[in-house]
Amino acid sequence: MRDKSRIVFKVGTSTLTHAETGGLDFVKMEKFVRILADLHNQGKEIIVVSSGAIAVGRKVLGFKEKPTERSVKQACAAVGQIHLMTVYQKLFSEYNQRTAQILMTKVTIANDTSRHNAQNTFRELLHMGVIPIVNENDTVATDEFDLGDNDYLSAIVSAIAKADLLVLLSDIDGLYTDDPNKNPDAKIIPYVESITDEMLAMAKGPTTDLGTGGMSSKVGAAGIANDAGTDMVIINGNDMDNINRLFAGDDLGTFFKAHKTKHFHLKNYLDR
């Protein structure tokens, strides 16, 4: 892990917010930002794929239940995204770290020119020492053209940016043989050489009303990232110190080994 130089961190809604209220967990966010700023000071290039816009907007607008109507979700995303980025910018600025916002859609990846431009933008921002913060452009996405969840988006960003490592911060320690919340005999799988059908069957769907992706989407993201030549690891984001432990060489989470596919092309992964 110490040798990884370009790293994508994906942080989910359930990691960034308080489960009881849906409001942002400022203590956890501050620690997350501080750790990333310190990694950047060590010479590592950092990209953040952050969920949370809809949940934050929902909180600001006073919705107690998770909205189901697309127009309402998009309105929540529009309000929440600016609040979320304001918090990120304020926290990162405390450590003199510059940030940028990148909002992507499925069209960005499908269109060769847009994808190439996105790749150039990531390269230039990283060269300038900026940490890009990425989310899907939920306010304009449609059923036909949305990406679905940010686990998937983080794998796509890793491929576009040619990252060495994708770190998924989850609300669970890693991939288990079964749901550890229901089966006390479930055991964590520390290392995955290749993803099997049996492994896909082990993965479960979302477990909260805040996030959209469960373990199944994380295993799917590993498939894309690994095929693109990027290693991926799932660690528990409820304790942000796990990031430091990971880069100190501690054995934690589930590590998915990269195996770059010949003639890899992102277009082949758009229709999952």
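Every value quoted in this text rests on a predicted model; they were computed, and no experiment measured them.

Procedures and definitions
- Residues numbered from 1 in each chain as written.
- Predicted model: local features only at pLDDT ≥ 70, side-chain atom pairs only at ≥ 80, totals over all residues.
- Heavy atoms only, no water.
- Helix = DSSP H or I, 4+ residues; strand = E, 2+ residues; numbered from the N terminus.
- Rg over C-alpha atoms; globule rule 2.2 N^0.38 Å.
- Buried < 20%, exposed > 50% of the residue type's maximum accessible area, 1.4 Å probe, protein only.
- Contact = heavy atoms within 4.5 Å.
- Axes fitted to C-alpha atoms, helices over the stretch in contact; angles between N-to-C directions.
- Parallel < 35°, antiparallel > 145°, perpendicular 65-115°, else oblique.
- Nonpolar A, V, L, I, M, F, W, Y, C, P; charged D, E, K, R; others polar.
- Core = buried A, V, L, I, M, F, W, Y, C linked by side-chain atoms within 4.5 Å.
- Pairing = 2+ DSSP bridges.
- Salt bridge = Lys/Arg side-chain N within 4 Å of Asp/Glu carboxyl O.

The next thing to look at is the overall build of the protein chain. Helix and strand counts for the protein chain stand at 10 helices and eight strands. The C-alpha atoms of the protein chain give 17 Å as radius of gyration, which agrees with the globular expectation for 272 residues (19 Å, within 12%). Taken along its principal axes, the extent of the C-alpha atoms in the protein chain is 45 × 45 × 40 Å. Expressed as a percentage of the 272 residues in the protein chain, the buried residues total 52%. A fraction of 74% describes how many contacts in the protein chain between residues 6 or more apart in sequence connect residues 24 or more apart.

This part covers helix α3 (residues 53-61). Quick reminder: α-helices carry 3.6 residues per turn. Residues three or four places apart thus point the same way. If you check which residues of α3 are buried, you get A53, A55, V56, G57 and R58. Of the residues one or two after α3, G62 is the one with positive phi, at around 85°.

So, on to the environment of G237. Tracing the backbone through its elements, the reader meets G237 in the loop between β7 (231-236) and α10 (241-247). Among the residues examined, G237 registers a relative accessible area of 0% and is labelled buried. Separated by 67 residues in sequence, G237 and S170 place their C-alpha atoms 5.2 Å apart. Excluding residues that lie within four positions of it along the chain, G237 makes contacts with T15, K28, L169 and S170.

Below, the discussion takes up the packing of α3 against helix α4 (residues 70-93). In a pair of packed helices, the angle between the axes and the distance between the axes together describe the arrangement. At a closest axis distance of 6 Å, the pairing of α3 and α4 adopts a crossing angle of 95°. Taken together, the axes of α3 and α4 are roughly perpendicular relative to one another. Between α3 and α4, the contacting residues are A53, I54, V56, G57, R58, V60 and L61 on the first element and K73, A75, C76, A77, V79, G80, Q81, H83 and L84 on the second. Looking at side-chain class alone, the contact of α3 with α4 contains 10 nonpolar, four polar and two charged residues.

Judged by nonpolar contacts, the single largest core of 44 residues is most densely connected at I47, M104, F122, V134, V157 and M232. Those elements giving two or more residues to this core turn out to be β2 (45-50), β3 (99-104), α6 (112-127), α7 (150-161), β5 (165-170), α8 (197-202), α9 (215-228) and β7. Element by element, the count of residues in this core is highest for α7, at eight residues. Other than its neighbours up to four places away in sequence, V157 contacts V8, I47, V49, M104, F122 and V134. F9, L91, L165 and M240 belong to the second largest nonpolar core, which has 33 residues in total.

On to the environment of I35. Residue placement: I35 occurs in helix α2 (residues 26-41). C-alpha separation for the pair I35 and N244, spaced 209 residues apart in sequence, amounts to 7.4 Å. Apart from residues lying up to four places away in sequence, I35 is in contact with M240, D241, I243 and N244.

This part takes up the pairing of β7. Of all six residues in β7, six are buried; the element is thus mostly enclosed. The side-chain alternation of β7 yields two buried faces, one formed by D231, V233 and I235 and the other by M232, I234 and N236. Here six bridges tie β5 to β7, and the two strands are oriented parallel to one another. Paired with L165 across the strands is D231, a residue of β7. Judged from the three bridges that link them, β7 and strand β8 (residues 254-256) form a sheet pairing that is antiparallel.

We now examine unusual backbone geometry. Residues other than glycine seldom take positive phi values, yet N96 does so here, at roughly 55°. Relative to the assigned elements, N96 resides in the loop between α4 and β3. Despite not being glycine, K162 has its phi angle at roughly 55°, a positive value. The class for K162 is exposed, based on a relative accessible area of 59%.

Now for the pattern of salt bridges. One pass over the full model with this rule turns up eight salt bridges. Residue E30 pairs with R34 through a salt bridge whose shortest N-O separation is 3.1 Å. Pair noted here: E30 and R34 are both in helix α2, with a separation of four residues, about one helical turn. Of the charged contacts, one joins K31 and D241 as a salt bridge, the two residues approaching to 2.8 Å between their closest N and O atoms. One end of the pair, K31, is in helix α2; the other, D241, is in helix α10, with 210 residues separating them in the sequence.

On to the sheet that holds β2, then. The strand order across the open sheet formed by eight strands is β3-β4-β2-β1-β5-β7-β8-β6, and the pairing between neighbours is mixed. In this open sheet, the two strands that pair with only one neighbour each are β3 and β6 (191-192). Packed on one face of the sheet, α2 meets β1 (6-11), β2, β4 (131-136) and β5 and runs near 155° to β2. Running over the sheet, α4 touches β1, β2, β3 and β4 and is turned about 155° from β3.

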